[in-house]
Amino acid sequence: MSSFEGSPHARRLAGVVAVSVLALVAWLPACAAEQTADGQQVLAVVDGQEITEAQVRQEAPQGFAQLDAQLAQCQAAHEKGQHEALENALRQTVQGRLIEAEAKAKGVSKEEYLAAEAKAAEVTDAEAEAFHEQNKARISRPKDEALMGQIKQFLGAQRQQEARDALIARLEQAHEVTYKLEPQRVEVAAVGPAKGPENAPVVIVEFSDFECPYCARLAPTVDQVVATYGDKVRVVFRQFPLNFHPHAQKAAEASLCAYEQGKFWEFHDSIFQNQQQIAVDNLKVKATELGLNGEQFNACVDSGKFAQQVASDVQEGSQAGVSGTPALFVNGRFINGAVPFADIAKVIDDELKRKGVKTAAK
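### Details of the side chain of E253
Along the chain, the position of E253 falls in helix 8 (residues 248-260). Within the local environment of E253, its side chain forms a polar contact with the side chain of Q249, the two groups lying 2.8 Å apart.

Structure representation (structure tokens):
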């Protein structure tokens, strides 16, 4: 025996090892849950009867289904956020390199290049006054010099961003930039009243509510899209009546009754042109004015013939992430709200470019 083996240090080390081994042995069974012969985890035993995890899940499915749905939503939101962050970072990287290349070619700094090429006109007092007049109902503050200064600052920043965006668009075209990263898309069935060819390279699915003022505001914009892009787009209308709009459900059903008689878009336009008159009696009058068979239309509306189809649209829209109206899906790319024509055109142009189709002149 060596001097170390018999020493107090060795005896203390042996004791530590022994205690550690005993602790490990005592701890291991706690890590492995008891299982049945077929491998199912046992969660409890009552009077000798085992209760497995599978049995618990089977007897209380609703709670687990709700949890699974919440987890799926969280996962989808996380993936969406990750993808949006990647898209934004990619665009910033591309834009930075384009600006750097142009600045280098001109022998100036990036800051000097941007100041010269993305220069925006200053906001005038008259423009600030006009903005205030158009938005005074939403502005709670009294009009004074400080407020008008803030309005000019806001409009100036907006104008500067527009100038930069226009510059980047020119540079991307001049340098033949192609984005390979696919945008985030949501699968949405293009079923329902539609206009435009079935083989159009861009399909726009709109979820809308006939009593929603923002949907009425978007309607002329969608018409502008159709007029601008022609047979390159197909627009599909799907129903999404919001439960706090008392007439929206029946208006949705009535529009499908009109669709049944081949007059959906005429009925659609008539409602959005006068949303104050969309009670059922008003809808019946509209149908007559548009030359529909009144008896057939009235029976269709009164019977709730298309109530289930409307409910199906709402369910599918909700699953796709729609929570308000209007909501657009341009080849599956989500656009929320009554956005300007330019915002929709930007996505359409990108989709056409990805498909190798010449964009429309605007």
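### Describing the state of the cysteines
Taken as a whole and judged by the stated rule, the model has one disulfide. Across the disulfide, C257 is cross-linked to C300 (sulfur-sulfur distance 2.0 Å). On the sign convention where negative is left-handed, the bridge of C257 and C300, at about -85 degrees about the S-S bond, is left-handed. Separated by 43 residues along the polypeptide, C257 in helix 8 and C300 in helix 11 (residues 294-303) bring together distant segments of the chain.

### What about the side chain of T52?
Here T52 is to be found in strand 2 (residues 49-52). One polar contact links T52 to Q40, side chain to side chain, over a distance of 3.1 Å.

### Quick notes on the pairing of strand 6 (residues 327-330)
The side chains of a regular strand alternate, residue by residue, between the two faces of the sheet. Residues of strand 6 alternate between two faces, with A327 and F329 on one and L328 and V330 on the opposite face, all of them buried. Summarising the sheet, strand 4 (residues 202-208) and strand 6 pair through four bridges and their orientation is antiparallel. Of the residues in strand 6, the one forming a bridge with E206 is L328. Pairing geometry for strand 6 and strand 7 (residues 333-336), over four bridges, is antiparallel. Looking at the pairing, V330 lines up with R333 of strand 7. Counting the residues that bridge the hairpin from strand 6 to strand 7 gives two residues, and of these N331 lies at a positive phi of roughly 50 degrees.

Calculation rules
Residues numbered from 1 in each chain as written. Predicted model: local features only at pLDDT ≥ 70, side-chain atom pairs only at ≥ 80, totals over all residues. Heavy atoms only, no water. Helix = DSSP H or I, 4+ residues; strand = E, 2+ residues; numbered from the N terminus. Polar contact = N/O pair within 3.5 Å; in protein donor to acceptor, adjacent residues only side chain to side chain. Disulfide = S-S within 2.5 Å. Buried < 20%, exposed > 50% of the residue type's maximum accessible area, 1.4 Å probe, protein only. Pairing = 2+ DSSP bridges.

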